[in-house]
Amino acid sequence: MKTAVEELLARHPQRLWRAEAGKPGRQKHLQDPGHSEVRDLLGGWPRRAITEIHSQVEGIGELRLLLPTIAALSQQEKRWVLWCLPPYIPYAPALAAAGVHLERMLVIHPRQRQDQLWTLESALRSGTCSAVLAWPPALEEAAQRRLQLAAETGNSMGFFFYRDVVSQRSPAALRLRLQPAGEHTRVQVEKRRGATVPAVANLELPLAI
Amino acid sequence: MAEQWLAVIFPALAAELWNLDGTLPGVWIAETRQRVWQMDAGAANQGIQIGMSAAQARALAPQLQVMQRDAEREFNLLDRCAQLLYAWGPQVVALQEWPHALAVELQGNSRWRARPQSLLQAIREFAGERLRVRLGLAPTSLAAALLAWQGEDGELCHWPADRSFTECWQEIPLKLLPANNMLHVRWESLGLYSCGDWLRLDRRERALRFGPEWESFLDRLRGIRADPRSPWPLQEEFAVAFPLLQEVSDWQGLRFPLRRAFQELRLRLRHRASTRWELLLQGRDVQYRQLLHSRDPLTSAELFLQLWRERLQRHPWGFAARHLQLRAMDTENWAGEQGAFWEQNLLREQGQLLDRLRARLGVDSIYRVRPRADHRPEYAWHSVVPEDSETNTALPDLRPRPLWLLPEPIPVSVLHEPETTELERIEGGWWDGHDVSRDYFRWRRSDGAECWVFRDRRSARYFLHGYFA
């Protein structure tokens, strides 16, 4: 006979889980990150969820961390990878050399804050984007929850990049903090759904795949 | 096959036009001899009757509004209805015997035979809650009109299916004929109540007593004499225009009339569709014009409204609009949406998202990036529209390029000279006037950022041009 907890777990597999199920290699809804070190650290990128990537400096490997995933998504899916509010020009020769299918990649620059939030929600919710890479403004908790729900609805992965420190409370499934560490990039896992102990790793991210 | 005509009669259009929003308790229209000529349901409820003197009507219900006819508005409304009816029949005519009557020929119309309710529903929706409409179906337009007069508001009146027209037409009451009151009284005094009674009199006697025009009328009614009428002019462009019931200054107020205009146009477009729409809003002395483009032809009212909402909330018109015009531009043949496979659904959904983004943010707000065969980094890429179908251009084997390129190179101070082996020399551009001569190299900044820097060989200055993000 099933216990009440087991019944709840079976009924809400997306929203309710056992903490140990979050151990690397055991979660089902993860996207292969392409880097073996990231795989060891995280298991993979959470699908249908928002991942926050914080760093004080740009240019320390924040995109290289995701590049194999972006390339794989653009090759395997017909859905788009949307870049919303990138701070600089996503450089086509570098992306193409990394295997990103650029015909699946869109770039958008909404100007006003209201339009930015609307664009993010529309893209995440529509089901037409495999991933949304965004450099959003600071988001209050209600907006974060809304976007998290949109990602679930649209079966989309959101990667939100922040340069400033935002609220510690966030519904994101994963929050990473990147720091330069000599020739490496230090990745600190600040929050991971299902995991109890924060983890840290120094990654060597190649310039080209 | 016998002809089939559908008559559409608005029995009180002139009066009801003044009270489309239902804010007045009732309206009646006076004719030149100061008698009640037409009235709406509100006036009828107060006891007003057709033919009553104006003084009597005013005394009976002083709170009611007495209006003059507005011929232009009446014509515009009939014109919209006629254009709608053209979606079902090749010929639409005005029945001049009555002030507001139209007829459409439905003979051989497969759309009508397959789904007669769709036409009736379209007419009822066109009339809405405030306009009464009567519908009649018969082999001649006049018979159809008389049946419509005999029927109930909003219902279709037609012959019993098991009886022929030649049997039934004689039962039409003479009181429905558009004759003056004196003639109606004379017919009754002679015991003539139906067309059958009329027919029993001698033809020459009838003509002498009541006038030859009624002989002609009855012959055309029976279909034994031709009834040539000029067709209602068919508009060549697909546009709908009408005054708004209330002044509208926000999206919430505009949503309903815009939906109505779109649905009316969709019915008229039939097997055509459009990707370009023009909305014109008219205020007291201002005008607002906005265009909407969509990737695929717009056929769904929900999507149409969604796109306009995004556009109009972003670009509000900012005044009280009193008149609306919607135009479908560049219409094209449309065979309907094809298939329902997952990929086709995805393509459609992607198209809809693109349309929404463009409607709200502007057509140029969304783009793709593509590499271009050029040595100079700033010319080695370009933006293209998302629909651009070309795949990645084959690129030469280059040294690693940064994932971020700065829009403009930024001057920087580099503390140490790079080794010669680290340099990548990029030169060229004399052919287009943007000649460059640069030595590019990687530089790790003190904060840890991996930068792509070049030394301009002419000025010997250093510039930051990208990040290995």
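Each chain carries its own residue numbering, running from 1 in the direction its sequence is written. Each chain is given a letter, starting from A, and each ligand a number, starting from 1, according to the order in which they appear as written. Thresholds applied to this predicted model are a pLDDT of at least 70 for local features of residues and 80 or more for the giving and counting of side-chain atom pairs; totals over whole chains, interfaces and linings are not thresholded and use all residues. Side-chain numbers come from the whole structure's heavy atoms, not from hydrogens or water.

Quick look at the overall build of chain B
- Secondary structure counts use DSSP, requiring at least four H or I residues in a row for a helix and at least two E residues in a row for a strand, with both numbered from the N terminus. Counting its regular elements, chain B contains 15 helices and 21 strands.
- Atoms considered for the radius of gyration are the C-alpha atoms alone. The globule rule reads 2.2 Å times the number of residues to the power 0.38. A compact globule built from 469 residues should have a C-alpha radius of gyration of about 23 Å, whereas chain B, at 35 Å, is more than 25% larger.
- Taken along its principal axes, the extent of the C-alpha atoms in chain B is 120 × 55 × 35 Å.
- Here chain B, with 469 residues, has 49% of them falling under the buried criterion.
- Taking as baseline every contact in chain B between residues at least 6 positions apart, the subset at least 24 positions apart corresponds to 60%.
- A total of about 23800 Å² of accessible surface is found on chain B, and carbon and sulfur atoms cover 49% of it.
- His is not counted, nor are the chain ends; Lys and Arg add positive charge and Asp and Glu add negative charge. Taken as the charge location is NZ of Lys, CZ of Arg, CG of Asp or CD of Glu. A distance of 2 Å separates the average location of the 60 positive side-chain charges in chain B from that of its 62 negative side-chain charges. For each residue, the accessible area found with a 1.4 Å probe, counting protein chains only, is set against the maximum for its type, and the residue is called buried under 20%, exposed over 50%, and partly exposed in between. When checking whether two residues touch, look at their non-hydrogen atoms; a contact exists if any pair is within 4.5 Å. Using a 1.4 Å probe, the Shrake-Rupley method yields the accessible areas, and only the shown protein chains count as cover for residues.

Examining the pairing of strand S1 (residues 5-9) of chain B
All names here are of chain B.
- Counted residue by residue, S1 has five buried out of five residues, so it is predominantly covered.
- With burial as the criterion, each face of S1 is covered, one bearing Trp 5, Ala 7 and Ile 9 and the other bearing Leu 6 and Val 8.
- Here S1 runs beside strand S7 (residues 134-138); their pairing, made up of five bridges, is antiparallel. If you follow Ala 7 over to S7, its bridge partner there is Gly 136.
- DSSP calls a pair of strands paired once it identifies at least 2 bridges connecting them. Examined bridge by bridge, S1 and strand S6 (residues 101-105) share five bridges and lie antiparallel to one another. If you follow Ala 7 over to S6, its bridge partner there is Ala 103.

Looking at the domain arrangement of chain B
Residue and element names in this part refer to chain B.
- Domain start and stop points were drawn from an automatic or database domain assignment. Assigned domains within chain B: domain 1 (5-177), domain 2 (238-361) and domain 3 (401-467).
- If you average the C-alpha positions of domain 1 and of domain 2, the two centres end up 30 Å apart.
- If you look at the interface, domain 1 gives 14 residues, while domain 2 gives 10 residues.
- Summed over both partners, buried area is the accessible surface (1.4 Å probe) that two parts give up on being assembled. Interface area for domain 1 against domain 2, summed over the two sides, is near 1100 Å², with a carbon-plus-sulfur share of 55%.
- Sorting the residues of domain 1 by area buried against domain 2 places Arg 80, Leu 84 and Ala 87 first, and these three jointly supply 42% of that buried surface.
- Think of a polar contact as two N or O atoms within 3.5 Å of one another; within protein, one of them needs to be a possible hydrogen donor and the other a possible acceptor, and neighboring residues in sequence only count if both atoms come from side chains. Summed over the shared surface of domain 1 and domain 2, the result is two residue pairs in polar contact (both at pLDDT 80 or more).
- Of all the secondary structure elements, the ones that give two or more residues to the side of domain 1 that touches domain 2 are helix H4 (71-85) and helix H6 (116-127).
- Looking at the side of domain 1 that touches domain 2 residue by residue, the class counts come to seven nonpolar, two polar and five charged. When residues are sorted by character, Ala, Val, Leu, Ile, Met, Phe, Trp, Tyr, Cys and Pro go into the nonpolar class, Asp, Glu, Lys and Arg into the charged class, and all the rest, Gly among them, into the polar class.

Describing helix H13 (residues 251-269) of chain B
Residues and elements named next belong to chain B.
- The end-to-end C-alpha separation of H13 is 25 Å, in line with the 27 Å expected for 19 residues at 1.5 Å each.
- Buried residues of H13: Trp 251, Leu 254, Pro 257, Leu 258, Ala 261, Phe 262, Glu 264, Leu 265, Arg 266, Arg 268 and Leu 269, and no others.
- Of the residues one or two after H13, Arg 270 is the one with positive phi, at around 50°. To estimate the expected span of a helix, count its residues, drop one, and scale the result by 1.5 Å.

Here's the deal with the interface of chain A and chain B
- Facing the 52 residues of chain A at the interface are 45 residues of chain B.
- Carbon and sulfur atoms make up 68% of the surface buried where chain A meets chain B, a total of about 4400 Å² over both sides.
- Only one rule defines a salt bridge in this text: a Lys or Arg side-chain nitrogen within 4 Å of an Asp or Glu carboxyl oxygen. Run the count over chain A and chain B and you get three salt bridges.
- Two residues, Arg 444 of chain B and Glu 183 of chain A, come together in a salt bridge whose shortest N-O distance is 3.8 Å.
- At the boundary of chain A and chain B, one finds 14 residue pairs in polar contact (both at pLDDT 80 or more).
- The dominant element in the side of chain A that touches chain B, judged by the number of residues it contributes, is helix H5 (residues 113-126) of chain A, at seven residues.
- When grouped by side-chain class, the residues that make up the side of chain A that touches chain B number 32 nonpolar, 12 polar and eight charged.
- With two bridges connecting them, strand S6 (residues 105-108) of chain A and strand S15 (residues 366-371) of chain B associate as antiparallel partners. Across the sheet, Ile 108 of chain A pairs through a bridge with Ile 366 of chain B, a residue of S15 of chain B.

Digging into the packing of H6 of chain B against H13 of chain B
Residues and elements named next belong to chain B.
- Here an angle of 0 to 180 degrees is reported between the N-to-C directions of two axes, which are lines fitted to C-alpha atoms, with helices fitted over the stretch in contact. Between H6 and H13, the shortest axis-to-axis distance is 11 Å and the interhelical angle comes to 150°. With respect to H13, the element H6 is oriented roughly antiparallel. Crossing of H6 against H13: the hand is left-handed. Every residue of H13 that contacts H6 at Ala 122, Glu 125, Phe 126 and Ala 127 is listed here: Arg 260, Glu 264 and Leu 267.
- Counted by class, the contact of H6 with H13 contains four nonpolar, no polar and three charged residues. Just so you know how the angles are binned, under 35 degrees is roughly parallel, over 145 roughly antiparallel, 65 to 115 roughly perpendicular, and the rest oblique. Handedness of a helix crossing follows the sense of rotation of the near helix relative to the far helix, less than a right angle counterclockwise being left-handed and clockwise being right-handed.

Things to note about the sheet that holds strand S8 (residues 156-158) of chain B
Residues and elements named next belong to chain B.
- Taken in spatial order, the five strands make up an open sheet running S5-S6-S1-S7-S8, and their pairing is mixed. Single-partner strands in this sheet number two, and they are strand S5 (92-94) and S8. Each neighbouring strand pair of the sheet contributes to a mean axis angle of 25°, computed without reference to strand direction.
- Each of S1, S5 and S6 is contacted by H4, which is oriented at about 10° to S6, the strand it contacts most.
- Relative to S1, H6 is tilted by about 15°, and along the sheet it contacts S1, S7 and S8.

So, the pattern of salt bridges
- In this structure the tally under the stated criterion is 53 salt bridges over all chains.
- In this structure, Arg 220 of chain B engages Glu 97 of chain B in a salt bridge whose closest nitrogen and oxygen atoms are separated by 3.5 Å. Taken together, the positions of Arg 220 of chain B in helix H12 (residues 212-222) and Glu 97 of chain B in the loop between S5 and S6 put the pair 123 residues apart, joining distant regions of the chain.
- What makes Arg 220 of chain B buried here is its relative accessible area of 17%.
- A relative accessible area of 26% places Glu 97 of chain B in the partly exposed class.
- Among the ionic pairs, Arg 203 of chain B bridges to Glu 215 of chain B, the shortest N-O distance being 3.5 Å. Residue Arg 203 of chain B is found in helix H11 (residues 203-210), and its partner Glu 215 of chain B is found in helix H12; the two are separated by 12 residues along the sequence.
- Given the relative accessible area of 40%, Arg 203 of chain B is considered partly exposed.
- Among the residues examined, Glu 215 of chain B registers a relative accessible area of 5% and is labelled buried.
- Among the charged side chains, a salt-bridge network with shared partners connects Asp 115 of chain A together with Arg 309, Glu 310, Arg 314, Arg 356 and Arg 360 of chain B.

Section: the packing of aromatic side chains
- The aromatic pairing rule takes the rings of Phe, Tyr and Trp, using the six-membered ring of Trp, and pairs them if the centres are within 6.5 Å, calling planes under 30 degrees apart stacked, those over 60 edge-to-face and the rest tilted. As enumerated under the stated definition, the model contains 25 aromatic pairs over all chains in all.
- With 6.1 Å between their ring centres and 80° between their planes, Trp 187 of chain B and Phe 210 of chain B make a pair best called edge-to-face. Of this pair, Trp 187 of chain B sits in helix H9 (residues 181-189) while Phe 210 of chain B sits in helix H11, placing them 23 residues apart in sequence. We note that Trp 187 of chain B, like Phe 210 of chain B, is buried.
- One aromatic cluster in this structure is built from Trp 83, Tyr 88, Trp 135 and Phe 161 of chain A together with Trp 404 and Tyr 467 of chain B.
- In this analysis the charged atom, NZ for Lys or CZ for Arg, is taken to sit over a ring once it is within 6 Å of the ring centre and within 35 degrees of the ring normal. The lysine or arginine in question, Arg 73 of chain B, covers the ring of Trp 18 of chain B, its NZ or CZ lying 5.4 Å from the ring centre.

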